[in-house]
Amino acid sequence: MTYKIISSDRIADSVVRMVISAPEAARNAHAGQFVVVMADEKGERIPLTMADFDKDKGTLTIIFQEVGFSTKALGRMRPGDAIYSVLGPLGKPTHTEGSGNCICVGGGVGIAEMWPVARALKDAGRHVTCIAGARTKGLLILEEELKETCDELLIATDDGSYGSKGFVTDILSEKIKAGSYSYIYAIGPVPMMKKVADISRPHKIKTVVSLNPLMVDATGMCGVCRCKVEGKTVFGCVDGPEFDAHQVDFDELAGRLSFFTDKENQYG
Ligand code: NAD
Ligand code: FES
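My aim in this report is to walk through the structure given alongside it, one point at a time.

Reading guide: rules and limits
- Residues numbered from 1 in each chain as written.
- Chains lettered and ligands numbered in written order.
- Predicted model: local features only at pLDDT ≥ 70, side-chain atom pairs only at ≥ 80, totals over all residues.
- Heavy atoms only, no water.
- Near = heavy atom within 4 Å.
- Polar contact = N/O pair within 3.5 Å; in protein donor to acceptor, adjacent residues only side chain to side chain.
- Areas by Shrake-Rupley, 256 points an atom, 1.4 Å probe, with all protein chains shown as cover.
- Helix = DSSP H or I, 4+ residues; strand = E, 2+ residues; numbered from the N terminus.
- Phe/Tyr/Trp six-rings, centres within 6.5 Å; stacked < 30°, edge-to-face > 60°.
- Lys NZ or Arg CZ within 6 Å of the ring centre and 35° of its normal.
- Pairing = 2+ DSSP bridges.
- Contact = heavy atoms within 4.5 Å.
- Axes fitted to C-alpha atoms, helices over the stretch in contact; angles between N-to-C directions.
- Parallel < 35°, antiparallel > 145°, perpendicular 65-115°, else oblique.
- Left-handed = near helix turned anticlockwise from the far one by under 90°.
- Nonpolar A, V, L, I, M, F, W, Y, C, P; charged D, E, K, R; others polar.
- Buried < 20%, exposed > 50% of the residue type's maximum accessible area, 1.4 Å probe, protein only.

Topic: the site of ligand 1
Now for step 1: What surrounds ligand 1 is a group of 21 residues, the closest being Val109, Glu113, Arg135, Asp158 and Ser210.
Now for step 2: Within the backbone of Val109, a nitrogen or oxygen atom sits 2.9 Å from an oxygen atom of ligand 1.
Now for step 3: Between Asp158 and ligand 1, the recorded distance is 2.6 Å, taken from a side-chain N or O atom to an oxygen atom.
Now for step 4: Burial of ligand 1 by the protein amounts to 76% of the accessible area it has alone, namely 850 Å².
Now for step 5: Of all the secondary structure elements, the ones that give two or more residues to the shell around ligand 1 are helix H3 (110-123), strand E9 (128-134), helix H5 (168-178) and helix H6 (190-200).
Now for step 6: Broken down by element, the residue count for the shell around ligand 1 peaks at 3 residues, all from H6.

Here it is, written out as structure tokens:
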């Protein structure tokens, strides 16, 4: 099986959108799931959310930030090149059942992973407000796609270069005070997801986060992706990646994510 790259575009500084031919994964894909990509035979296994998929064309869209050796190598591959392996879809699909208004919060590259969830919630008939945030205007991705997908799009940049100045969580607090919401979905850096949970908890709004623990096999065998939810150990790859935000131990997740930072800095 070869996984040919159909297109590859830079959509922000260091952020690449790649469309790959992967018919089996595309045919079985649901919002919220991910694939594990290996650029070449000796490459690292990179877990990436499927930002989009076309079941008829048999293609998947992945969006990734070039942060280390492996994502930079993937980013250098060109249309026509073949990726060695695309394993998936993995993880549990997003739950869209329920009623009432929803807010989807996406920070940085997490916006790419919020987009399919916002689409799935819209397809399920929900009213969807999206809050998208980036450090600065040049790092904001998928604005047009989100405008087409959701009922309302609100943007924040840390430096105020676009949208309102501040974090996505500042906008979230204001929306919750002013409106009535039954569901919040958040994806992005761990401190952002923790803050979202802290904001929504007193309002008792169901809040789901998509976690990004380190992964190796991504099939429930190695235990590298373990997280603590409701005081119990769960595996991000098979039990998640989505969990009840009010029950996640974010401090433990942050600690585990920083485990190899010195090695990444050394070899990345
Ligand atoms: P970033 O650091 O540029 O932050 C993006 C936005 O998140 C900010 O603009 C802000 O609105 C919000 N944010 C950041 N810190 C916050 C805080 N302390 N409180 C409230 N809001 C905050 O994001 P990035 O560089 O795109 O990603 C950084 C990290 O996020 C990476 O380590 C990456 O692994 C992780 N990430 C996680 C997921 C996931 O699956 N949960 C997805 C993508 C990225
Ligand atoms: Fe190995 Fe989840 S990545 S068990």
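Looking at the packing of aromatic side chains
Now for step 1: Counting across every chain of the model gives 0 aromatic pairs.
Now for step 2: Its guanidinium or amino end placed over the ring of Tyr162, Lys137 lies 4.9 Å from that ring's centre, counting from NZ or CZ.

A short note on the sheet that holds strand E8 (residues 102-107)
Now for step 1: Strand order in the open sheet made by the 7 strands is E11-E10-E9-E8-E12-E13-E16, with mixed pairing throughout. The open sheet is flanked by strand E11 (164-165) and strand E16 (242-244), the only strands paired with a single partner.
Now for step 2: Two elements, strand E10 (residues 152-157) and E11, share 2 bridges in a ladder whose sense is parallel. Bridge pairing links Thr157 to Lys165 in E11.
Now for step 3: Here H5 sits on the sheet in contact with E8, E9, E10, E11 and strand E12 (183-187), set at roughly 155° to E9.
Now for step 4: Packing of H6 onto the sheet brings it into contact with E8, E12 and strand E13 (206-210), and relative to E12 it is tilted by some 165°.

Digging into the packing of H5 against H6
Now for step 1: Interaxial distance between H5 and H6 falls to 10 Å at its minimum, and their mutual angle equals 15°. For the element pair H5 / H6, the angle class is roughly parallel. The hand of the H5/H6 crossing is right-handed. Mapping the contact onto sequence places Val168, Thr169, Leu172, Ser173 and Ile176 in H5 and Met192, Lys195, Val196, Ile199 and Ser200 in H6.
Now for step 2: Classifying every residue of the contact of H5 with H6 gives 6 nonpolar, 3 polar and 1 charged.

Section: unusual backbone geometry
Trans is the prevailing form of peptide bonds, just as negative phi is the prevailing case for residues other than glycine.
Now for step 1: The linkage connecting Gly88 with the following residue, Pro89, adopts the cis geometry, with an omega of 5°.
Now for step 2: Mapped onto the secondary structure, Pro89 falls in strand E7 (residues 85-90).
Now for step 3: That bond from Gly240 to Pro241 is cis: its omega, 15°, falls within 30 degrees of zero.
Now for step 4: Secondary-structure assignment places Pro241 in the loop between helix H7 (236-239) and E16.
Now for step 5: For Ser14, which is not a glycine, the phi torsion comes out positive at approximately 65°.
Now for step 6: Along the chain, Ser14 falls in the loop between strand E1 (3-12) and strand E2 (15-21).
Now for step 7: Its relative accessible area of 32% is what places Ser14 among the partly exposed residues.
Now for step 8: Positive phi is not limited to glycine here, since Glu230 has a value of about 55°.
Now for step 9: With respect to the element layout, Glu230 can be found in the loop between strand E14 (226-229) and strand E15 (232-235).

Brief notes about the side chain of Thr94
Now for step 1: Mapping Thr94 onto the fold places it in the loop between E7 and E8.
Now for step 2: Polar side-chain contacts of Thr94 include one of 2.8 Å to the side chain of Glu242.

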